[in-house]
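# Summary of the model geometry
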Amino acid sequence: GQQLNQSPQSMFIQEGEDVSMNCTSSSIFNTWLWYKQEPGEGPVLLIALYKAGELTSNGRLTAQFGITRKDSFLNISASIPSDVGIYFCAGQLWGTSYGKLTFGQGTILTVHP
Amino acid sequence: EAQVTQNPRYLITVTGKKLTVTCSQNMNHEYMSWYRQDPGLGLRQIYYSMNVEVTDKGDVPEGYKVSRKEKRNFPLILESPSPNQTSLYFCASSQDRGVGNTIYFGEGSWLTVV
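Below is a summary of the structure that appears in this document. It should be emphasised that the depicted structure is a prediction, and the values quoted were computed from it without experimental measurement. (Residues numbered from 1 in each chain as written. Chains lettered and ligands numbered in written order. Predicted model: local features only at pLDDT ≥ 70, side-chain atom pairs only at ≥ 80, totals over all residues. Heavy atoms only, no water.)

A few words on the sheet that holds strand β7 (residues 61–65) of chain A. All names here are of chain A. Ordered by their spatial adjacency, 5 strands build an open sheet running β1-β3-β8-β7-β6, and the pairing between neighbours is antiparallel. Looking at strand neighbours, the two that pair on one side only are β1 (4–7) and β6 (55–58), the edges of this open sheet. Across the sheet, the mean angle from the axis of one strand to that of its neighbour is 15°, orientation sign disregarded. The pairing of β7 with strand β8 (residues 71–76) spans 5 bridges and is antiparallel. Within the sheet, the bridge partner assigned to Leu61 lies in β8 and is Ile76. (Pairing = 2+ DSSP bridges. Helix = DSSP H or I, 4+ residues; strand = E, 2+ residues; numbered from the N terminus. Axes fitted to C-alpha atoms, helices over the stretch in contact; angles between N-to-C directions.)

Put into structure tokens, the structure is as follows:
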């Protein structure tokens, strides 16, 4: 099946720094999603991208849908301690397996005050 | 409040002892699915259901069964659990054929098989 490669696997940063993570796929998706998971909870959607080339922001978060449809990135600006968590990218391809999300391995983000 | 509720949240069981993890959603969603989360692998889909009595395999269905007798419920059944099924399990539901911005996840069920 499709595979997503998410990097980096983990990041340790100081409060106030910017963060960048990305996902690449072996094949195309027509929807890219970014989720955040906090301890003891399920993933929560941060940003959804539906068009190649689309750039979308949600507060301090910005994500882009790569023009090849095989990649996406997420930036977090001016990080704060509550940004700590695991960030997952996920792709969807319409027409097969309704609603199935293919997830990346996750990026563990630690923010030092 | 829109919710996906899983039970139990935590379970330790022994190899071979059948168990069921329940999942219920209160949003009248058609689409439900189960994922397992393992370190370094992200979330992988086990089974999904497009509607009542319609289920299909995901990427890692071996050792699991599901049923969808009612729209709101989608239990995950481990007939004979093995240690490699120790994992964190998530149930998810969505309405519009899984459009990304309407997928809701439960809080997760930690399962340990010894």
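In this chain, Ser7 of chain A is followed by Pro8 of chain A through a cis amide linkage whose omega measures -5°. Examined against the element boundaries, Pro8 of chain A turns out to sit in the loop between β1 and β2 (10–14). In this model, Asn7 of chain B is joined to Pro8 of chain B through a cis peptide bond whose omega is 0°. Relative to the assigned elements, Pro8 of chain B resides in the loop between β1 (4–7) and β2 (10–13). Positive phi is not limited to glycine here, since Arg69 of chain A has a value of about 70°. Note on placement: Arg69 of chain A falls in the loop between β7 and β8. Judged by relative accessible area, Arg69 of chain A falls into the partly exposed class, the value being 36%. Despite not being glycine, Glu53 of chain B has its phi angle at roughly 65°, a positive value. Inspection of the secondary structure assignment puts Glu53 of chain B in the loop between β5 (42–51) and β6 (54–57). (Buried < 20%, exposed > 50% of the residue type's maximum accessible area, 1.4 Å probe, protein only.)

As a further point, take the pattern of salt bridges. This structure, assessed with the given rule, holds 7 salt bridges over all chains. We note a salt bridge from Lys36 of chain A to Glu38 of chain A, for which the minimum N-O separation is 3.1 Å. By relative accessible area, which is 11% here, Lys36 of chain A ends up buried. Here Asp38 of chain B and Arg36 of chain B are joined by a salt bridge, their closest N and O atoms 2.8 Å apart. We note that Asp38 of chain B, like Arg36 of chain B, is buried. A single salt-bridge network, built from bridges that share partners, covers Lys18, Lys65 and Glu79 of chain B. (Salt bridge = Lys/Arg side-chain N within 4 Å of Asp/Glu carboxyl O.)

None of the figures reported here should be taken as evidence of function without further support.
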